[in-house]
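Architecture and fold: a report
So you can see what is in the structure, the chains are spelled out below.
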Protein chains: 2
Amino acid sequence: MSNILIIHAHPEPQSLTSALKDLAAAHLRADGHEVKVSDLYAMNWKAVADANDFSAPQDTERLKYIRESKRAFKAGTQTSDIRAEQDKLLWADAVLFSFPLWWYGMPAIMKGWFDRVFANGFGYGVGEHGPERWGDRYGEGTLAGRRAMVIVPIGGHGPHYSDRGVNGSLEDVLWPIQHGMLFYPGMEVMEPFAVYGSDRLDPDGWRGVAEKFKDRLSGLFTDAPIPYRTQNGGHYDRDRRLKPGLGHQERGTRIHLVQPGDPEEVLGGRVRRLVS
Amino acid sequence: MSNILIIHAHPEPQSLTSALKDLAAAHLRADGHEVKVSDLYAMNWKAVADANDFSAPQDTERLKYIRESKRAFKAGTQTSDIRAEQDKLLWADAVLFSFPLWWYGMPAIMKGWFDRVFANGFGYGVGEHGPERWGDRYGEGTLAGRRAMVIVPIGGHGPHYSDRGVNGSLEDVLWPIQHGMLFYPGMEVMEPFAVYGSDRLDPDGWRGVAEKFKDRLSGLFTDAPIPYRTQNGGHYDRDRRLKPGLGHQERGTRIHLVQPGDPEEVLGGRVRRLVS
């Protein structure tokens with residue numbers, strides 16, 4: 001049995017997003033998992049990163065957020081709300097991110113959770129940075145070994161988010177989140193659970209969504225994650241550009257997915273296997 | 001001479017991001033333009049969209065943000081901070097968005113500016129929605145005729161954001177912002193002004209950046225915008241998928257750029273010309 005953290009952002013407890021969060025918590029608990037929920041609106045989460053995030057800043061004349069963040073993380077002078085979220089992340093074996101798609105991204109309150117909780121030394125700035133490797137990131141990092149999944153009701157129509165849809169494909173829309181925010185600190189990212197036409201869902205539609213969602217939750221630790229390439233597994237050169245010959249059948253973000261026939265990735269001396 | 005609005009998000013007035021904002025305002029004013037600045041941190045901008053955004057909500061039992069947003073916009077019961085920003089946008093001929101890249105996106109305080117200011121009926125939900133057209137969006141909408149440019153200092157290295165860089169290309173990282181948030185309500189989006197290695201810039205580096213930036217500002221109304229395809233110009237089908245035969249040399253987000261040899265787009269009975 002595992003520990004699962006849900007980061008949730010919706011202002012209305014009766015919304016579809018909140019219903020999915022509640023269903024996830026109940027279903028996972030019924031399966032014997034332990035579940036914690038960070039309900040950001042209910043917690044009145046401080047969304048805005050600023051000088052108040054540091055109880056003992058080194059430089060009071062000029063805020064250098066990145067530098068203060070590193071110092072506060074190391075010195076234990078982060079604010080207690082940030083530390084509490086970091087502790088929950090370290091406790092968790094999987095993290096679900098539950099939010100409605102607003103302007104092709106997450107609500108500001110959740111963006112502020114990342115801006116503040118993923119501190120320098122915790123979410124980034126981890127590991128050695130030099131010519132041979134540029135930190136422990138993209139498959140390595142503080143949150144390695146954990147799984148992540150985005151749960152995202154979307155007001156728009158599915159075809160608009162398809163491979164040739166006018167919004168861009170959902171995988172491209174979610175690229176900065178799934179690759180840039182979740183894979184970056186080391187989590188294995190599962191396919192997102194998206195619900196299109198979320199403001200037009202009737203009770204029958206909800207039942208269908210709930211069944212599919214429970215299947216996805218049951219596969220949280222057994223389904224294959226998105227096969228993003230690791231930074232340090234051998235597929236990128238010293239400029240952190242994809243090596244020649246790799247991804248040649250793809251363009252855009254899809255070049256960063258491991259493809260059949262690619263050389264094996266070796267991380268920390270071990271061959272990486274994408275399916276557990 | 002034109003009206004230019006700068007939306008700025010950085011907690012530190014002495015930062016590179018703030019210096020670029022100041023330089024933009026000074027340079028544009030020296031060229032005779034009128035400039036307004038929304039300095040979101042200085043304004044203590046409310047980042048979090050919630051029930052308090054509606055002074056006279058229709059449904060007090062359950063917050064349906066999209067519905068209340070439409071109603072408040074029409075009825076004139078939005079909060080004054082939201083209305084003030086909408087008025088500035090309508091006043092502007094060009095809008096600059098100045099922010100540091102945090103977790104592959106904008107700081108939460110600016111995301112909350114979009115979440116709240118781009119109301120239903122203003123930023124989206126504009127025009128007829130039906131089989132023939134799905135609203136006035138992507139090249140049409142409330143902000144049509146205005147130009148937009150992202151000004152974005154980035155801590156990371158340029159090659160990591162190149163076409164094969166591990167972070168994804170900058171155009172893919174900025175896709176949800178530039179296409180999804182700026183082109184969507186009708187603005188013409190200029191190439192972004194990015195500064196890599198922003199936390200390692202020395203005085204010589206700054207001088208070079210400033211010169212390049214001033215050139216870009218001087219071309220704000222004459223340089224060609226990113227040639228995103230309009231939704232209603234004839235390149236998408238009724239499912240809002242790119243029509244067969246278009247974008248065939250590209251994949252990912254790049255299929256949504258007009259290419260030489262593509263049929264002309266016809267918007268509102270007029271052929272669209274990308275270069276003014």
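Residues numbered from 1 in each chain as written. Chains lettered and ligands numbered in written order. Predicted model: local features only at pLDDT ≥ 70, side-chain atom pairs only at ≥ 80, totals over all residues.

1. Considering the pairing of strand β3 (residues 94–98) of chain B
Residue and element names in this part refer to chain B. When you tally the buried positions in β3, you get five out of five residues, the bulk of the element. Where burial is concerned, the two faces of β3 agree: the one with Ala94, Leu96 and Ser98 and the one with Val95 and Phe97 are both buried. Here strand β1 (residues 3–8) runs beside β3; their pairing, made up of five bridges, is parallel. Within β3, the position partnered with His8 by the bridge is Ser98. Here β3 runs beside strand β4 (residues 147–153); their pairing, made up of five bridges, is parallel. (Buried ≥ 20, exposed ≤ 12 C-beta atoms within 10 Å, placed from the backbone. Helix = DSSP H or I, 4+ residues; strand = E, 2+ residues; numbered from the N terminus. Pairing = 2+ DSSP bridges.)

2. Here's the deal with the packing of helix α3 (residues 80–91) of chain A against helix α4 (residues 108–117) of chain A
All names here are of chain A. In the contact formed by α3 and α4, the axes pass within 10 Å of each other and the chain directions differ by 90 degrees. Considered as vectors, α3 and α4 are oriented roughly perpendicular to each other. Across the interface between the two elements, Ile82, Glu85 and Gln86 of α3 pack against Trp113, Arg116 and Val117 of α4. Its residues placed into classes, the contact of α3 with α4 shows three nonpolar, one polar and two charged. (Axes fitted to C-alpha atoms, helices over the stretch in contact; angles between N-to-C directions. Parallel < 35°, antiparallel > 145°, perpendicular 65-115°, else oblique. Contact = placed C-beta atoms within 7 Å. Nonpolar A, V, L, I, M, F, W, Y, C, P; charged D, E, K, R; others polar.)

3. Some details on the relation of the copies chain B and chain A
Note that the two copies of the chain are related through a rotation about an axis and a translation along the same axis. With an axial shift of 0.0 Å and an RMSD of 0.0 Å, the rotation relating chain B to chain A amounts to 180 degrees. Such a combination of rotation and displacement between the chain copies is what one expects of a two-fold axis. Most of the interface of chain B is mirrored in chain A, where 100% of its interface residues again form contacts. (Least-squares fit on C-alpha atoms with pLDDT ≥ 70 in both.)

4. Here's the deal with the domain arrangement of chain A
Residue and element names in this part refer to chain A. Domain annotation of chain A identifies domain 1 (3–226) and domain 2 (227–276). Here the C-alpha centroids of domain 1 and domain 2 sit 24 Å apart. Put simply, the parts of the chain that give the side of domain 1 that touches domain 2 at least two residues each are α5 (170–173) and α6 (175–183). Tallying contributions element by element places α6 first for the side of domain 1 that touches domain 2, with three residues. Of the residues in the side of domain 1 that touches domain 2, the class split is nine nonpolar, two polar and five charged. (Domains from an automatic or database assignment.)

5. Section: the interface of chain B and chain A
Tallying the contact residues gives 56 residues for chain B and 56 residues for chain A. Of all the elements in the fold, those that place two or more residues in the side of chain B that touches chain A are α2 (65–75), α4 (108–117), α5 (170–173) and α6 (175–183) of chain B. Take the side of chain B that touches chain A: its biggest share by element is six residues, from α4(B). When its residues are assigned to classes, the side of chain B that touches chain A shows 27 nonpolar, 15 polar and 14 charged.

6. Observations regarding α4(B)
Counting buried residues in α4(B) gives 10 out of 10 residues, a clear majority hidden from the surface. Taken together, the buried positions of α4(B) are B:Ala108, B:Ile109, B:Met110, B:Lys111, B:Gly112, B:Trp113, B:Phe114, B:Asp115, B:Arg116 and B:Val117. Buried positions along α4(B) lie against α4 of chain A together with β1, α3 (80–91) and α6 of chain B.

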